[in-house]
Amino acid sequence: MMGCNSGGNNKLFYSFNLEDHVPQNHLLRGIDHYLDLSELRQYLAEFYSHTGRPSIDPELMIRMLIIGYSFGIRSERRLCEEVHLNLAYRWFCRLGLEDAVPDHSTFSKNRHGRFRDSDTFRYLFETVLQRCMKEGMVRGEGFATDASIIKADAQRQHAVPGEEVVDWGNPKEATRPVREYLAALEVANPCGPIPKSISLTDPSSSWTAANGPAYFAYCTNYLIDLEAGIIVDVEASSVNKTAESNATKIMVDRVEEKYDIKPTRLVGDTNYGTATMLNWMVNDKGIEPHVPVWDKSERNDGTLSRSDFQWNEVAKEYICPEGNLLKSNWRPFVKPRSHITKADTVIYHARKKDCFNCPMKLQCCPNTPVRKVVRSLYEPARDVARAIFKTEAYKQSFRERKKVEMLFAHLKRILKLDKLRLRGLSGAHDEFLLAATAQNLRRMAMWLTPIAPKMNQIPS
Ligand code: SF4
């Protein structure tokens, strides 16, 4: 017999417990278990007035944002709708069936106001990280670092060429990203290369042609612990190799300062294999660089490479295969010179008379009268990285580097953070911190919650 819906949606009274309607293996149960916001109110207390109308509960807003970043709900308007309709989301936000959900405009006010002034998202990230440490998911032996480009909320049509002088008007009347950009310009007073294009809506974003047609973007930099792929620090930066290396230095220093954790080895790709970066790892920090060396000294046109020349550490000179010397300076100068170039290198060259009659001239320097060999000031650190590169430990690190790449893939595909919604470097910073917090929470929930057999199937 065909059944018929009795139409009970007009009932006035219900016997209903939200707790019973959230599945035991729901991801949010795991996240809720590992999220401790008991001290949040105390942390934010000084940013709220003691008088006036009560504000929206900050814990509620943080819980809603965690839902948004954990489930790829990028729009605040949609997030409010989803929390309103979804029972599990209501349960996680500690909202009853009849409780009102905050308006989406409340979020932007708090995100750009109290939360930013108090650095709440960094506090939240660190609270979750400390829980990861307590659960034994951070070993501190090996860290990996990498950066990923995320599109900025800036249209290429609203931009001017980098060399064009822009009248930004009265800074007080400018938009928040423009004010931020002008303030950063005043502090940094940059004298580096002029960018090809500057966005008028988000001038701090970088114009990049990586991955196809050029667009405006920021970089999210991750420092992860290799034990369980937990993100131990995150930093927003502009899109260039120097900024990425600097971000890594900031993150390693910050983790050491806050948690007294310094890794034995740091794993990264060629972007981190510059001479200065290797010198920082080896000599400044005492960390093993499991990084391929950024090396242009090897030649593949059949002529002699730098490795064919022997270095004499005592005399500070090279010896060529014919037994002749290459020096940085062949004659004494009245005023001694360091011979150090802007790139922190020293150029060693042979004598003209030695090369002129040399039987290996065509093999060594066919197009120049003498052979020159460039040596970095940080060559000893580069040699350390070269030696590690040949070991089995490096091969293991190379495999483990995938963990950080997987986190970026997850960030873009599952958490849908392939384009930012907030503008300015501080907006990017907030979004990256929240996303990294969500990733750490999801990992703890999936790996440690015993009641979630199905959740392990979700790609992490
Ligand atoms: S060309 Fe000059 S540097 Fe090269 S092997 Fe001959 S003497 Fe040495």
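This is a predicted model, so every value here is computed, not measured. (Residues numbered from 1 in each chain as written. Predicted model: local features only at pLDDT ≥ 70, side-chain atom pairs only at ≥ 80, totals over all residues.)

Participant: So, the site of the ligand: which residues are in play, and what are the values?
Facilitator: By nearness alone, 13 residues border the ligand, and Cys-320, Cys-355, Cys-358, Cys-364 and Arg-371 come closest of all. Within the residue set of the shell around the ligand, elements represented by two or more residues are helix 12 (352-356) and helix 13 (361-364). Residues belonging to the shell around the ligand are distributed by class as follows: eight nonpolar, one polar and four charged. (Near = placed C-beta within 6 Å. Helix = DSSP H or I, 4+ residues; strand = E, 2+ residues; numbered from the N terminus. Nonpolar A, V, L, I, M, F, W, Y, C, P; charged D, E, K, R; others polar.)

Participant: Go over the sheet that holds strand 10 (residues 317-319), please, and point to the residues and values.
Facilitator: Spatially, 9-10-11 is the arrangement adopted by the three strands of the open sheet, whose pairing is antiparallel. Each edge of the open sheet is held by one strand with a lone partner, namely strand 9 (310-312) and strand 11 (325-326). Pairing geometry for strand 10 and strand 11, over two bridges, is antiparallel. When the bridges of strand 11 are listed, Tyr-318 appears paired with Leu-326. (Pairing = 2+ DSSP bridges.)

Participant: Which residues make up the environment of Ser-338, and what values do they have?
Facilitator: Secondary-structure assignment places Ser-338 in the loop between strand 11 and strand 12 (345-349). Taking the C-beta count within 10 Å as the criterion, Ser-338 has 9 such neighbours and is therefore assigned exposed. Sequence spacing of Ser-338 and His-21 is 317 residues, and the spatial spacing of their C-alpha atoms is 74 Å. (Buried ≥ 20, exposed ≤ 12 C-beta atoms within 10 Å, placed from the backbone.)

Participant: Outline the domain arrangement of the protein, listing residues and values.
Facilitator: Each domain of the protein was delimited in the assignment, giving domain 1 (15-124), domain 2 (139-270 + 403-442) and domain 3 (306-376). The centre of domain 2, based on its C-alpha atoms, is set 41 Å off from the matching centre of domain 3. (Domains from an automatic or database assignment.)

Participant: So what about the nonpolar core? Which residues, and what values?
Facilitator: Among the nonpolar cores identified, the biggest contains 87 residues, and Ile-66, Ile-67, Tyr-218, Ile-224, Val-232, Leu-278 and Ala-435 are the most heavily contacted of them. Per-element tally for this core: the top contributor is helix 17 (residues 424-448), with 10 residues. Two domains each put at least three residues into this core: domain 1 (15-124) and domain 2 (139-270 + 403-442). Those residues within four positions of Ile-67 in sequence are excluded, and the remaining contacts are Ile-73, Leu-79, Val-83, Tyr-89 and Phe-92. (Core = buried A, V, L, I, M, F, W, Y, C linked by C-beta atoms within 7 Å. Contact = placed C-beta atoms within 7 Å.)

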